[in-house]
Amino acid sequence: RILVTGATGQLGSELVPVLRDKYGRNNVVAAGHSRKPDDVFIDSGPYEIIETTDSEAITALVKKYSIDIIYHLAALLSARAEENPQLAWDVNMNGLQTVLEVARHHHCALFFPSSIGAFGPSTPPDNTPQVTIQRPNTLYGITKVAGELLCEYYVKKYDMDIRGVRFPGLISYKTPPGGGTTDYAVEIFYAAVKNEPYRCFLKEGTRLDMMYMPDAIRAVVELMESDGRMLTHRNAYNITAMSFTPEQLYATIKKELPHFSMTYEVDPLRQAIADSWPRKMNDSAARAEWGWQPAYDIGSMTKDMIEQLRKEGSHVT
Ligand code: VAH
């Protein structure tokens with residue numbers, strides 16, 4: 001059975017239903033640190049409230065449900081982590097270490113999401129290699145590169161099956177944005193479908209890797225189902241789908257919604273974070289070792305985001 005921590009977050013709230021469809025509703029246990037919001041993966045299925053730093057609680061869950069794979073998604077994203085670095089260290093690092101120890105003792109495999117945030121200003125920003133300089137200057141990035149190295153250590157030291165990817169900015173419509181630097185690329189759609197002007201918090205020319213959520217979810221499933229013997233990078237494959245600037249996304253949306261207007265109101269905190277990240281990763285290792293292949297580009301993602309948000313009209317906050 002599968003345990004998903006951080007199950008009500010941006011990634012978790014879309015991964016849980018997909019895993020439940022694939023492996024059976026009662027074989028996927030969702031866990032969050034608070035009560036499940038009603039509109040998150042409305043289908044039924046086990047939901048537990050836990051803190052990922054609570055070793056006893058995690059151990060009890062793993063035993064209660066005979067868990068053998070943990071998707072450990074619980075973390076504070078980049079902007080929130082900069083506002084509260086001590087909490088972010090506790091959740092992102094002590095939470096990971098706790099889950100790794102439970103996985104070690106109970107022979108669970110583990111998925112760990114890293115991020116473009118695991119790179120820093122001295123990382124080559126274009127065609128960023130799979131193995132390169134990683135000196136992030138954000139607390140979030142420090143927890144991600146430390147998390148990658150800790151996972152790799154547990155693979156080597158304890159022969160565990162731990163896998164992960166470095167996600168670019170994820171664009172989705174099922175949960176409102178939650179404290180990320182790339183979230184302008186989500187917020188913009190909510191404004192566009194309501195025909196409200198959008199004030200972009202990153203400046204023109206800020207190029208970042210991005211991916212549509214359906215591609216991100218498929219990448220997780222395909223990586224976890226791939227033949228482990230083919231995987232030479234443990235932990236965290238570069239994967240990307242597109243790389244664009246705010247003005248490129250704005251122009252693409254305007255093709256569908258000509259009346260939409262955007263201005264810039266730069267947030268220095270998130271601009272500094274974005275400026276420290278690469279512009280375009282090289283994901284050839286993922287393509288070669290487990291067949292990664294994105295399906296959505298900026299055009300098809302934009303069309304689908306607008307269509308889905310229009311459908312969910314009532315949900316648009
Ligand atoms: C963030 N969306 O902005 C997350 C992600 C690649 C960015 O880590 O913090």
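Residues numbered from 1 in each chain as written. Predicted model: local features only at pLDDT ≥ 70, side-chain atom pairs only at ≥ 80, totals over all residues. Heavy atoms only, no water.

Regarding the overall build of the chain
Going by this rule: Strands here mean DSSP runs of E at least two residues long; helices mean DSSP runs of H or I at least four residues long; both are numbered from the N terminus. The globule rule is 2.2 Å times the number of residues to the power 0.38, and the radius of gyration it is compared with is taken over C-alpha atoms. The classification of residues rests on relative accessible area computed with a 1.4 Å probe and restricted to protein chains. Under 20% of the type maximum is buried, over 50% is exposed, and intermediate values are partly exposed. Residues count as neighbours in contact if any of their non-hydrogen atoms are within 4.5 Å of one another. Each accessible area value is a Shrake-Rupley result obtained with a 1.4 Å probe; residue values ignore everything except the protein chains displayed when judging cover.
If you tally the helices and strands in the chain, you get 11 helices and 14 strands. At 19 Å, the chain has a C-alpha radius of gyration in line with the 20 Å of a compact globule built from 317 residues. Along the three orthogonal principal directions, the C-alpha set of the chain runs to about 55 × 45 × 40 Å. Relative to its full complement of 317 residues, the chain shows a buried share of 55%. In the chain, once contacts between residues fewer than 6 apart in sequence are set aside, the share between residues at least 24 apart is 77%. On the chain, roughly 13,400 Å² of surface is accessible, and the fraction owed to carbon and sulfur atoms is 51%.

Digging into the site of the ligand
Heads up, the rule is: The nearness test applies per residue and asks whether one of its heavy atoms lies within 4 Å of the molecule or strand. Residues adjacent in sequence count toward polar contacts only when both atoms are side-chain atoms; beyond that, a polar contact is any pair of N or O atoms within 3.5 Å, and within protein one must be able to donate a hydrogen and the other to accept it. Here the nonpolar group is Ala, Val, Leu, Ile, Met, Phe, Trp, Tyr, Cys and Pro; Asp, Glu, Lys and Arg are the charged ones; every other residue, Gly included, is treated as polar.
Close to the ligand lie Leu77, Ser78, Ser115, Ile116, Tyr140, Phe167, Pro168, Gly169, Gly180, Thr181, Thr182 and Trp277, which account for all nearby residues. Tyrosine 140 is positioned with one of its side-chain polar atoms (N or O) 2.5 Å from an oxygen atom of the ligand. Between the ligand and threonine 182, the relevant distance is 3.0 Å, taken from a nitrogen atom to a side-chain nitrogen or oxygen of the residue. Considering the ligand on its own, with 280 Å² of exposed area, one finds that the protein chains cover 95% of that surface. Counted by class, the shell around the ligand contains 6 nonpolar, 6 polar and no charged residues.

Description of the sheet that holds strand S12 (residues 242-244)
This is how it is decided: Pairs of strands are assigned from DSSP output, requiring at least two bridges between the strands. Simply put, an axis is a line fit to the C-alpha atoms, just over the touching stretch for a helix, and the angle between two N-to-C directions goes from 0 to 180 degrees.
Here we have 3 strands laid out as an open sheet, ordered S8-S10-S12, and mixed in their pairing. Each edge of the open sheet is held by one strand with a lone partner, namely strand S8 (169-171) and S12. Each strand of the sheet is rotated relative to its neighbour by a mean of 40 degrees, with strand direction disregarded. In terms of strand pairing, S8 meets strand S10 (residues 208-212) through 3 bridges, oriented parallel. For glycine 169, the partnering residue across the bridge sits in S10 and is methionine 210.

Focus on the packing of aromatic side chains
Note the cut-off: Classification of ring pairs uses Phe, Tyr and Trp, with its six-membered ring standing for Trp, and accepts pairs whose centres are within 6.5 Å; under 30 degrees between planes counts as stacked, over 60 as edge-to-face, and the remaining range as tilted. Comment: the charge-over-ring label is applied if NZ (Lys) or CZ (Arg) is within 6 Å of the ring centre and within 35 degrees of the ring normal.
Inspection of the entire model under this criterion finds 9 aromatic pairs. With centroids separated by 5.6 Å and ring planes inclined at 65 degrees, the aromatic side chains of tyrosine 250 and phenylalanine 260 adopt a geometry described as edge-to-face. You can see tyrosine 250 sitting in helix H8 (residues 246-256) and its partner phenylalanine 260 sitting in the loop between H8 and strand S13 (262-264), a full 10 residues away along the chain. Considered together, tyrosine 250 and phenylalanine 260 belong to a single accessibility category, that of buried residues. Taken together, Tyr71, Phe111 and Phe167 form an aromatic cluster joined through their ring pairs. Positioned above the aromatic ring of tyrosine 158, the side-chain terminus of arginine 104 is 4.4 Å from the ring centre. Over the ring of phenylalanine 201 we find arginine 270, and its NZ or CZ is 3.5 Å from the ring centre.

Describing the pattern of salt bridges
The following threshold applies: Any Lys or Arg side-chain nitrogen found within 4 Å of a carboxyl oxygen on Asp or Glu counts as a salt bridge.
Under the criterion given, the structure shown has 17 salt bridges. Here aspartate 215 ties to arginine 218 by a salt bridge, and the two come within 2.8 Å at their closest N and O atoms. With aspartate 215 and arginine 218 both in helix H7 (residues 213-225) and 3 residues apart, this pair spans about one turn of that helix. In this structure, the salt-bridge partner of arginine 218 is glutamate 222, at a minimum N-O distance of 3.2 Å. Here arginine 218 pairs with glutamate 222, and both are found in helix H7, just 4 residues apart, close to one helical turn. On the basis of relative accessible area, glutamate 222 is assigned to the partly exposed category, the value being 28%. One continuous salt-bridge network, built from bridges that share partners, spans Asp161, Arg163 and Arg234.

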